[in-house]
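Chain residues, written in single-letter form:
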Amino acid sequence: MNDYAIAVQHKSLQLVIAVSVTAMRRARWILALLQLTAGLRAPVSTKAPRTLQHATLDSTVLSCGASRPKTALSNTEISEFVDTSDEWISQRTGIRSRRVLQPGESIADHAASAAQKALDRSGLDPAEVGLVIVATSTPEDLFGDAANVADQCGCKNAVAFDVTAACSGFLFALVTASQFLETGTYQSALVVGADAMSRWVDWGDRNTCILFGDGAGAVAIKKGGAGLLGFSMGSNGAGREKLALPYNGNRLPLIGGKSATVVGPRAMLMEGRSVYVFAATTVPRVLREALEDAHLTTDDVDWFLLHQANERILEAVAERIGVPKDKFIINMDENGNTSAASIPLALDFAVKSGKVKKGDVLACAGFGAGLSWGAAVFRWEGELLSE
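Each value, and the rule that gives it
- Residues numbered from 1 in each chain as written.
- Predicted model: local features only at pLDDT ≥ 70, side-chain atom pairs only at ≥ 80, totals over all residues.
- Heavy atoms only, no water.
- Axes fitted to C-alpha atoms, helices over the stretch in contact; angles between N-to-C directions.
- Helix = DSSP H or I, 4+ residues; strand = E, 2+ residues; numbered from the N terminus.
- Parallel < 35°, antiparallel > 145°, perpendicular 65-115°, else oblique.
- Left-handed = near helix turned anticlockwise from the far one by under 90°.
- Contact = heavy atoms within 4.5 Å.
- Nonpolar A, V, L, I, M, F, W, Y, C, P; charged D, E, K, R; others polar.
- Buried < 20%, exposed > 50% of the residue type's maximum accessible area, 1.4 Å probe, protein only.
- Pairing = 2+ DSSP bridges.
- Right-handed = clockwise from strand over helix to strand, strands pointing away.
- Polar contact = N/O pair within 3.5 Å; in protein donor to acceptor, adjacent residues only side chain to side chain.
- 1 Å grid on protein atoms, 1.4 Å probe; cavity = no way out; pocket = protein on both sides within 12 Å on 5 of 7 lines; lining within 4 Å.
- Points joined across faces, edges and corners; volume = space filled by probe spheres on them.

The next thing to look at is the packing of helix α8 (residues 272-293) against helix α9 (residues 311-321). Their axes nearest at 9 Å, the elements α8 and α9 cross at an angle of 45 degrees. Classed by the angle they form, the pair α8 and α9 counts as oblique. In terms of crossing hand, the pair formed by α8 and α9 is right-handed. Contacts from Tyr276, Ala279, Ala280, Thr281, Val283, Pro284, Leu287 and Arg288 of α8 reach α9 at Arg312, Ile313, Ala316, Val317, Arg320 and Ile321. Classifying every residue of the contact of α8 with α9 gives 10 nonpolar, 1 polar and 3 charged.

The following block contains the structure:
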């Protein structure tokens, strides 16, 4: 029986293993050792970020609700303190007005109001709601608003937490909640999108301040029924600087040359053209992936409900997927970009206006900072109840 010396070398690491041919064939641990040493310094993948896909989830959207600040700020009013005009803004974005929180107003209270409306319309018992998720990047409380929202809605037995994914947040939260229902952990949930973007824009920068507004929207979901038919999600941190709200700290001297940083003034940063290209190319793909996951085509969809960022983006998406623009729900003209709130706000608008009816199939997509994106397809099973 011949013996062989097997040398495994990886830069500074070298292993020499002497074994017989028979032993080599029988000893699985040697193969495991070879694999381990070969993978000590695995190369970083240069491929595009992988988009996650999953099967239909056992959750049904029952109802929706919305809440906005009363104070509206028109394009004409903005043009009084920024070098712009109503025509310039509306032609480039489709936005004519947006709602803005006033001093003393709370985005958490608007989130709770939207959630309460969705809960009332769903017929669910608040005590039986097992989960409350609030998608927000601008909470009233930096430690999270979801527990506050659950408490205000009387969901005393629910676990509650926030999800931060900017304009993709509501879609991510909806899929997350649906996963909990799919596993049977909970039987029903409230999913809320709420953002106070007016607090974080530079009101002297016409490239950002004209776009954003404040508001909240919510849906109630339960296990069973039509199901969440399909979805797809993705992210790419390499593009994070294209749309960001970075920390800006001021040095605070402490003792012995040591210091800390405390929060300083900061505002949103956005490369508008880059974000447009990202959205116009990524959203059509993620919509197709979600529809494929649902075993549907664009012809099966009654309404496309996208994050209300910019009407030009929606037009580009409609053209790329070959769908007429009139199949897209649009209400950014009076709300602006409300980040995580925009999809449920637009859904509430569409249901109230009679566009979306029971049994309609909706394909939704969110996209934004991160960079992140997601899409979900569901059948609307709600009934609009009286206020």
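Listing the buried residues of α9 in full gives Glu311, Ile313, Leu314, Ala316, Val317, Ala318 and Ile321. Where α9 is buried, its residues touch α4 (86-93), α8, β15 (303-306), α10 (332-335) and β16 (361-368). One or two steps after α9, the chain reaches glycine 322, where phi turns positive at roughly 70 degrees.

In terms of strand pairing, strand β7 (residues 131-135) meets strand β8 (residues 159-163) through 5 bridges, oriented parallel. Its bridge partner lying in β8, isoleucine 133 is registered against phenylalanine 161. For the handedness criterion, the β-α-β arrangement of β7, helix α6 (residues 146-152) and β8 is classed as right-handed.

Considering the arrangement of structural elements, one finds aspartate 300 in the loop between α8 and β15. Sequence separation between aspartate 300 and aspartate 360 is 60 residues, and the spatial gap between their C-alpha atoms is 9.5 Å. A polar contact of 2.8 Å, which involves the side chain of aspartate 300, links it to the backbone nitrogen of threonine 297.

Space inside the largest pocket adds up to approximately 630 Å³. What lines the largest pocket is a set of 25 residues, among which Ser137, Thr138, Thr164, Ala166 and Leu245 lie closest to the centre. Classifying every residue of the lining of the largest pocket gives 14 nonpolar, 7 polar and 4 charged. The calculated volume of the second largest pocket comes to roughly 500 Å³. In this structure, the second largest pocket is lined by 22 residues; those nearest its centre are Leu211, Met270, Gly272, Tyr276 and Asn310. Mapped onto the lining of the second largest pocket, the elements with two or more residues apiece are α4, α8, α9 and β16. The biggest single contributor to the lining of the second largest pocket is α8, with 4 residues.

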